[in-house]
Amino acid sequence: MALDEKIYELRREKLKQIEALGQQAYPRKYEFTHTIPQILADHSEKTAEQLENPRVNVRIAGRIMAIRLMGKAGFAHLQQGGQRLQIYVKKDAVGEKGFELYKLLDLGDHIGVSGYLFRTRTGELSVHVDEITFLSKDLLPLPEKWHGLTDVELRYRQRYVDLVMNPEVREVFQKRSKLVQSLRAFMDAQGFIEVETPMMQPVAGGAVARPFVTHHNTLDMDLFLRIAPELYLKRLTVGGFDRVYEINRNFRNEGLGWRWNPEFTMLEFYQAYTDYRGVMDLTQQLIEQAAKDVTGGTKTKWGEDEIDWAGANWKRMTMREAIIYYWPEAAGAKPQMAEFGSAEGVESLVRRFNSGHAHVAYDPKEPAGKTIAALFEAAAEEHLIQPTIIYEFPTAVSPLSKQKPDEPDWTERWEIFAGTMEIANGFSELNDPEDQRRRFEQQLKERERGDEEAHQMDEDYIRALSYGMPPAGGVGVGVDRLAMLLTDSHTIRDVILFPLLRPEKTLPTENTEETK
């Protein structure tokens with residue numbers, strides 16, 4: 001029998017003994033007067049004398065994280081809300097049955113205690129217990145050490161244990177919750193209305209990505225889990241919602257990585273009667289406010305770097321300017337603007353870049369704009385630690401955004417980068433139905449060439465645009481990535497409570513010491 005199984009059976013026997021003492025094995029509720037965080041906040045500064053007069057009576061509940069027995073008395077630490085408080089249990093105070101119950105408790109058990117606050121001889125704030133109520137038995141042993149496990153996925157797979165053992169993990173998700181609250185409050189204050197759009201869609205649209213496919217049995221039709229809510233939110237703009245947003249879950253059937261999870265969260269919003277520069281300014285304000293709300297300031301740690309989210313620290317440059325600025329010395333002379341204007345010039349840039357840097361693939365059949373975007377990723381992205389807005393993207397990689405009036409090969413589109421990651425994407429929305437049809441048709445040609453991520457045709461969306469969509473700017477903000485940056489978390493799995501993992505092969509076991 002495995003160690004965990006032996007401990008499980010031992011603790012089941014203890015549970016029977018606890019029931020024999022008159023306690024319920026799984027009671028339905030416990031009436032408490034204080035939470036542990038409340039007690040620590042209100043009484044940590046009080047002296048022993050102040051706690052005695054007047055006496056502070058409390059009823060609290062929590063999980064046992066440390067326990068020790070010393071003859072006819074014992075100490076334990078209860079944890080609640082990520083904080084711990086010591087309790088003191090004396091046989092004379094809790095009685096014979098109460099002390100027998102105490103001796104049957106294990107690390108991880110949930111109990112409720114009533115008593116009064118005092119300070120021990122060492123000065124630690126504690127509860128002098130006069131009654132113990134059993135609430136729940138931990139049948140599986142908590143691990144002694146949860147940091148640095150050889151199986152790094154175990155913490156993600158058993159997040160419920162991770163949260164118990166690591167207060168800093170709990171703090172990350174508390175900050176993530178503050179982030180979502182901040183984003184929602186900011187959008188509401190700007191007059192935006194929050195909506196919900198379909199997560200199952202007949203056409204996978206609104207982004208360039210490979211979708212998940214599902215099937216509706218009654219209608220006998222295939223549907224796609226949404227890769228983006230964009231086309232539905234813009235339909236609402238047609239319908240008269242001038243400022244609309246959704247905090248949404250998206251699904252993309254793509255690889256896993258430190259920045260990618262197939263299921264992720266975005267804030268997406270659309271504002272009528274403005275353009276890409278209007279929503280660019282708004283998004284910068286949104287993110288700066290989120291940093292303040294989540295961390296209390298504008299500076300956050302990112303590995304060995306410090307990111308300053310204050311407005312004065314943000315940089316703005318076009319994609320072409322960024323390629324020129326970050327062009328590696330080993331690749332020779334910096335590009336000239338004119339070289340981006342022809343297929344021959346772009347081919348020359350790729351040859352020069354590849355001579356002194358990592359390889360960028362080149363396919364003469366592909367639009368030059370697609371190659372320029374790949375050059376930007378290779379030359380510039382790794383340098384974008386501080387908040388940086390890169391604007392003017394090639395039309396070839398921007399099927400839903402308006403072209404620049406003086407340069408039809410380029411669009412009024414931008415992305416925000418920080419910590420070398422893209423965290424937001426916005427543009428002047430394309431609202432010409434005939435132009436949109438041409439863009440979709442170009443994307444269909446890309447699909448025919450084998451690009452499974454190219455956009456599909458959406459006739460209903462074109463019909464919606466044909467009813468007249470006002471000029472608008474639209475934005476998508478990656479909530480998971482922003483949470484990574486604001487919590488110094490260097491993999492997306494650290495900011496998603498239950499990230500997608502490979503199938504579990506065997507149930508892991510951990511050596512622990514059973515506390516008697």
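Reading guide: rules and limits
Residues numbered from 1 in each chain as written. Predicted model: local features only at pLDDT ≥ 70, side-chain atom pairs only at ≥ 80, totals over all residues. Heavy atoms only, no water. Helix = DSSP H or I, 4+ residues; strand = E, 2+ residues; numbered from the N terminus. Contact = heavy atoms within 4.5 Å. Areas by Shrake-Rupley, 256 points an atom, 1.4 Å probe, with all protein chains shown as cover. Lys, Arg positive; Asp, Glu negative; His and termini not counted. Charge placed at Lys NZ, Arg CZ, Asp CG, Glu CD. Buried < 20%, exposed > 50% of the residue type's maximum accessible area, 1.4 Å probe, protein only. Polar contact = N/O pair within 3.5 Å; in protein donor to acceptor, adjacent residues only side chain to side chain. Salt bridge = Lys/Arg side-chain N within 4 Å of Asp/Glu carboxyl O. Pairing = 2+ DSSP bridges. Phe/Tyr/Trp six-rings, centres within 6.5 Å; stacked < 30°, edge-to-face > 60°. Axes fitted to C-alpha atoms, helices over the stretch in contact; angles between N-to-C directions. Core = buried A, V, L, I, M, F, W, Y, C linked by side-chain atoms within 4.5 Å. Patch = residues over 30% accessible without salt bridge, like charges linked within 9 Å, V, L, I, M, F, W, Y side chains within 5 Å. Parallel < 35°, antiparallel > 145°, perpendicular 65-115°, else oblique. Left-handed = near helix turned anticlockwise from the far one by under 90°. Nonpolar A, V, L, I, M, F, W, Y, C, P; charged D, E, K, R; others polar. Arc of directions from axis to C-beta.

Points about the overall build of the protein chain
Within the protein chain, the secondary structure is distributed over 15 helices and 19 strands. Principal axes of the C-alpha set define a box for the protein chain whose edges measure 90 × 55 × 50 Å. Considering only contacts in the protein chain between residues 6 or more positions apart, those separated by 24 or more positions represent 67%. Accessible surface for the protein chain amounts to roughly 25100 Å². Of this, 49% is attributable to carbon and sulfur atoms. Computed over 65 positive and 81 negative side-chain charges, the inter-centroid distance for the protein chain is 6 Å.

Here we look at unusual backbone geometry
The omega torsion of the bond from Asn53 to Pro54 falls at 0°, within 30 degrees of zero and hence cis. Residue Glu392 is not a glycine yet carries a positive backbone phi of 65°.

Some details on the side chain of Glu246
You can see Glu246 is positioned in strand β10 (residues 243–251). Residue classification places Glu246 among the buried residues on the basis of a relative accessible area of 3%. Within the structure, Glu246 has its side chain in polar contact with the side chain of Arg226 (distance 3.2 Å). Those residues in contact with Glu246 that sit more than four places away from it in its chain are Val195, Glu196, Thr197, Arg226, Pro229, Leu233, Met266, Leu267 and Glu268.

Here's the deal with the pattern of salt bridges
On inspection of all chains with the given rule, the structure shows 42 salt bridges. With a shortest N-O distance of 3.5 Å, Arg351 and Glu347 are connected by a salt bridge. Linking Arg351 with Glu347, this pair stays in helix α11 (residues 343–356), spanning four residues, or about one helical turn. Each of the salt bridges in this network shares a partner with another, and the network as a whole consists of Arg11, Lys14, Asp106, Asp109, Lys137 and Asp138.

Quick word on the pairing of strand β5 (residues 125–136)
Two elements, strand β3 (residues 83–90) and β5, share four bridges in a ladder whose sense is parallel. Counterpart to Tyr88 in the pairing with β5 is His128. Strand direction decides the pairing type here: strand β4 (residues 110–119) and β5, joined by ten bridges, are antiparallel. Looking across to β5, one finds that Leu117 is bridged to Val127. Counting the residues that bridge the hairpin from β4 to β5 gives five residues, and of these Gly123 lies at a positive phi of roughly 90°.

Points about the side chain of Glu153
The topology assignment puts Glu153 in the loop between β5 and α5 (154–157). Within the local environment of Glu153, its side chain forms a polar contact with the side chain of Arg502, the two groups lying 3.3 Å apart. With sequence-adjacent residues up to four places away left out, Glu153 is seen in contact with Arg493, Leu501 and Arg502.

Describing the packing of aromatic side chains
Enumeration over the complete set of coordinates arrives at ten aromatic pairs. Both rings, one in Phe376 and one in Phe417, keep their centres 5.5 Å apart while their planes meet at 65°; by these two values the pair is edge-to-face. Highlighted residues: Phe376 in helix α12 (residues 368–379) and Phe417 in strand β17 (residues 407–418), separated in sequence by 41 residues. Across the pair, Phe417 and Phe376 agree in class, each one buried. Ring pairs connect the aromatic residues Phe75, Tyr88, Tyr116 and Phe118, which therefore count as one cluster.

Considerations on the sheet that holds strand β7 (residues 200–201)
Strand-to-strand pairing in sheets goes through backbone hydrogen bonds, with the strands running parallel or antiparallel. Sheet architecture is open: three strands sit in the order β7-β9-β8, paired in antiparallel fashion. Edge positions in the sheet fall to β7 and β8 (213–216), since each of these pairs with one other strand and no more. Sheet analysis places β8 next to strand β9 (residues 221–225), joined by four bridges and oriented antiparallel. Within β9, the residue paired with His216 across the bridge is Met221.

Things to note about the sheet that holds β3
Around the barrel, five strands lie side by side as β1-β2-β3-β5-β4; this closed barrel has mixed pairing. Across the sheet, the mean angle separating the axes of adjacent strands is 55° when strand polarity is ignored. As judged from the seven bridges shared by strand β1 (residues 57–70) and β4, these two strands associate in the antiparallel manner. Of the residues in β4, the one forming a bridge with Arg63 is His110. Of the strands in this sheet, β1, β2 (73–80), β3, β4 and β5 are in contact with helix α2 (residues 36–43), which crosses β3 at around 90°.

Re the nonpolar core
Grouped together as the largest cluster of nonpolar side chains are 44 residues, with contacts concentrated most on Leu179, Leu267, Phe269, Trp309 and Trp414. Ranked by the residues each element gives to this core, the list is headed by helix α9 (residues 276–295), at nine residues. Setting aside residues no more than four positions away along its own chain, Leu267 makes contact with Leu183, Met187, Tyr245, Glu246, Ile247, Leu286, Val475, Gly476, Val477 and Val479. Counting residues in each nonpolar core, the second largest holds 31 residues, with Ile18, Ala76, Val129 and Ile132 among its members.

With respect to a nonpolar patch on the surface
A cluster of nonpolar side chains, contributed by Tyr160, Leu497 and Phe498, occupies part of the molecular surface with about 340 Å² of accessible area. Counting through the fold element by element, Tyr160 comes out in helix α6 (residues 159–165).

Description of the packing of helix α7 (residues 167–189) against helix α15 (residues 479–487)
Orientation of α7 relative to α15, taken along the N-to-C sense of each, is 125°, at an axis distance of 10 Å. It follows from the interaxial angle that α7 and α15 lie oblique. Relative to α15, the crossing made by α7 is right-handed. Residues Val172, Lys175, Arg176, Leu179, Val180 and Leu183 of α7 pack against Val479, Asp480, Leu482, Ala483, Leu486 and Thr487 of α15. Tallied by class, residues from the contact of α7 with α15 come to eight nonpolar, one polar and three charged.

Observations concerning helix α14 (residues 459–466)
For an α-helix, 3.6 residues make a turn, and residues three or four places apart therefore share a direction. For α14, the complete set of buried residues consists of Tyr461, Ile462, Ala464 and Leu465. Down the axis, α14 shows its buried residues gathered within 155° of arc, on one side only. Considering only its buried residues, α14 is in contact with α8 (230–238) and α13 (433–448). Where α14 begins, the capping side chain belongs to Asp458, and its oxygen is found 3.3 Å from the backbone nitrogen of Asp460. With its phi angle positive at about 100°, Gly468 sits one or two positions after the end of α14.

A short note on the environment of Lys46
Inspection of the secondary structure assignment puts Lys46 in the loop between α2 and α3 (48–52). Judged by relative accessible area, which is 28%, Lys46 ranks as partly exposed. Here the alpha-carbon distance between Lys46 and Leu15, two residues 31 residues apart in the chain, equals 38 Å. If we ignore the near neighbours within four places in the chain, the residues touching Lys46 are Leu51 and Arg119. Of note is the side chain of Lys46, whose polar atom sits 3.1 Å from the side chain of His43.

So, to be careful, I would describe these as geometric facts and stop short of saying anything about function.
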